[in-house]
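# Chains, contacts and geometry: an overview
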Amino acid sequence: MISGTCRATMKMIVMMSLPGGTMKLNRWIIWGIAVQLILIIATSFMFNNKKLTTTSGESVRGTALSIWVYSQSLETSINEFHQTYPNIDVDVRYFRSSDHLFTELMAAISANAAPQIAEIKSYYGIAQLVDAGAVLPVDNLTIPEWKSLQPTFTEPFHYSDLDWAVPIGGSIPMLYYREELLKNSQKGSFTGWDEVSNAALETNLIGNDGGIKGHWGIAIDKELPWYLESLHVKENHGETEEYGKFDSAISMWGEWVHSLQIMKPLTHRRAASDFINGKIGLFLSTSEELMTVERYIGGKFQYNAQLLPGLEQQGIVPSIDGMIVLNSTATKVKAANSFISYMIHENTQNALWRSHGLIPSRSDVLLKLQEEGQWNASQKMILDSVRMFSAKRPAKMDFERWSYTQSMLEQLEQEPNDTKEKHFEDEYETWFRK
């Protein structure tokens, strides 16, 4: 940009060179002034350009940023971030699950080989990472959008009076089902788990002799402890309030496998494909699975999705995906800050919902989406479910409790004699003390 002084000088030179000018100077004097002016303009341009370049890229130029994630749906956003910040060399490692990433991350921290950014689930992990001194608190970062985030999304990462992860989105547990299995319901949805069990007992194949060949059945996705805690089951008679609902849910789980034989044991990793391919009639999974189900079922059969029975009264504990920044150099931390800010930018949050069904962590984005009228019944239900969210703060033993619950359910599915009534809390304490 040419300054006002330079423009005035140029105007004076032009006026002096015009016929009838008020001053008559030697032609060489005029050209000397012009050359000096050109040099001033060139020097000013180079200084300003250098200043702009330094300001915009001094902290992240040539920075290599290592990112570990388990959500394959983040690939597009990560690629777009790299296009927006070409000076940041992004090295991404994808993991098959959140527990696989967490296990590898703890090992990498011990070996001083941790990434700068890692994705983390709200189920467990943040307490262990904080106690290990491996993760930076959010207060050490510069996140202008922080105040826009939903409190129930930040709460699972609040530990020792500080916030340790930035949530990018969440999901809820849902029941997917073939519509013909809802024929006996009076309210247009499954209102209790007895109705779900009866629907799963419906026959899906009858032989030529009229004999029953199989039931539609039910399957549960991989994050078993999350789904178990989301099963709102009435207490058995004689149970105390402290134990009733959780122990009853475990008992019902065992009945599905052994007594009713409507759930095949240890088939959770193929549960989604079994539902999509018509091998089962009911399917417990995450709301993020909705778009995958819609895409692959197409018109093969009619299906629907709803909240888990009783969950509205119990309160929904969502699954939250967060991003942590681990200890590193100031330059890498600043680059990591840029990535996280990008992930909670309004446009990114909007795209993650529209493309992958991830509930936005930003309240303002969520409100705008709720006000749109284009969503189908299932999508609208997911967006509106936020009002029923129940926050769960992290605890030191979250990972151990998760691992024990996972192992306990797998053992329950393998051993018919293990379906006896049990108090989970008592058995967990006994196992932990060993």
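Residues numbered from 1 in each chain as written. Predicted model: local features only at pLDDT ≥ 70, side-chain atom pairs only at ≥ 80, totals over all residues. Heavy atoms only, no water.

As annotated in an unreviewed UniProt entry, the protein is Extracellular solute-binding protein from Paenibacillus germinis. Note on the protein: under the UniProt heading Sequence similarities (unreviewed entry), the record states "Belongs to the bacterial solute-binding protein 1 family." Taken from UniProt, the Subcellular location (unreviewed entry) comment for the protein reads in full: "Cell envelope". (UniProt positions renumbered as here; feature names shortened; annotations may be inferred.)

### Overview of the overall build of the protein
A tally of regular secondary structure across the protein gives 18 helices and 14 strands. Counting only contacts in the protein whose residues sit at least 6 apart along the sequence, the fraction spanning at least 24 positions is 72%. Total accessible area on the protein is roughly 22500 Å²; 52% of this is exposed by carbon and sulfur atoms. (Helix = DSSP H or I, 4+ residues; strand = E, 2+ residues; numbered from the N terminus. Contact = heavy atoms within 4.5 Å. Areas by Shrake-Rupley, 256 points an atom, 1.4 Å probe, with all protein chains shown as cover.)

### Observations regarding the environment of G217
Within the fold, G217 resides in the loop between β9 (212-215) and β10 (218-220). When the C-alpha positions of G217 and K279 are compared, they lie 8.4 Å apart, and in sequence the two are 62 residues distant. Contact partners of G217, with chain neighbours within four places excluded, come to A200, I262, I280, G281 and L282.

### Remarks on the sheet that holds strand β12 (residues 303-307)
An order of β10-β11-β7-β12 is seen for the four strands of this open sheet, with the pairing classed as mixed. Strands at the two margins of the open sheet, each flanked by one partner only, are β10 and β12. Pairwise comparison of adjacent strand axes, ignoring direction, gives a mean angle of 25 degrees for this sheet. In this structure, β10 lies alongside strand β11 (residues 282-286), joined through three bridges in parallel fashion. Along β11, the bridge assignment pairs I218 with L282. Contacts from helix α7 (residues 193-200) reach β7 (173-178), β10 and β11 within the one sheet, and its direction differs from that of β11 by about 125 degrees. Sheet strands touched by helix α16 (residues 377-384): β7 and β12. Its angle to β12, the strand with the most contacts, is close to 15 degrees. (Pairing = 2+ DSSP bridges. Axes fitted to C-alpha atoms, helices over the stretch in contact; angles between N-to-C directions.)

### Brief notes about the nonpolar core
Core analysis: the largest hydrophobic core is formed by 93 residues, its most contacted members being L282 and I324. When residues in this core are grouped by element, the largest group, seven residues, is from helix α9 (residues 244-259). Within the second largest apolar cluster, 28 residues are counted, among which are I78, L136, L141 and Y342. (Core = buried A, V, L, I, M, F, W, Y, C linked by side-chain atoms within 4.5 Å. Buried < 20%, exposed > 50% of the residue type's maximum accessible area, 1.4 Å probe, protein only.)

### Observations regarding the packing of helix α14 (residues 346-356) against helix α15 (residues 363-371)
Close contact between α14 and α15 brings their axes to 10 Å; oriented N to C, the two are set at 50 degrees. By the angle class used here, α14 and α15 are oblique. At the point where α14 passes α15, the crossing takes the right-handed sense. Of the residues in α15, those in contact with E346, Q349, N350, W353 and R354 of α14 are V365, K368 and L369. Grouping the constituent residues of the contact of α14 with α15 by class yields three nonpolar, two polar and three charged. (Parallel < 35°, antiparallel > 145°, perpendicular 65-115°, else oblique. Left-handed = near helix turned anticlockwise from the far one by under 90°. Nonpolar A, V, L, I, M, F, W, Y, C, P; charged D, E, K, R; others polar.)

### A look at the sheet that holds strand β2 (residues 88-94)
Overall, mixed pairing links the six strands, which are arranged β2-β1-β3-β13-β6-β14 in an open sheet. At either end of the open sheet lies a strand with only one pairing partner, and these are β2 and β14 (359-360). Alignment of strand β3 (residues 117-121) against strand β13 (residues 319-325), held across five bridges, turns out to be antiparallel. The residue of β13 that forms the bridge with A118 is I324.

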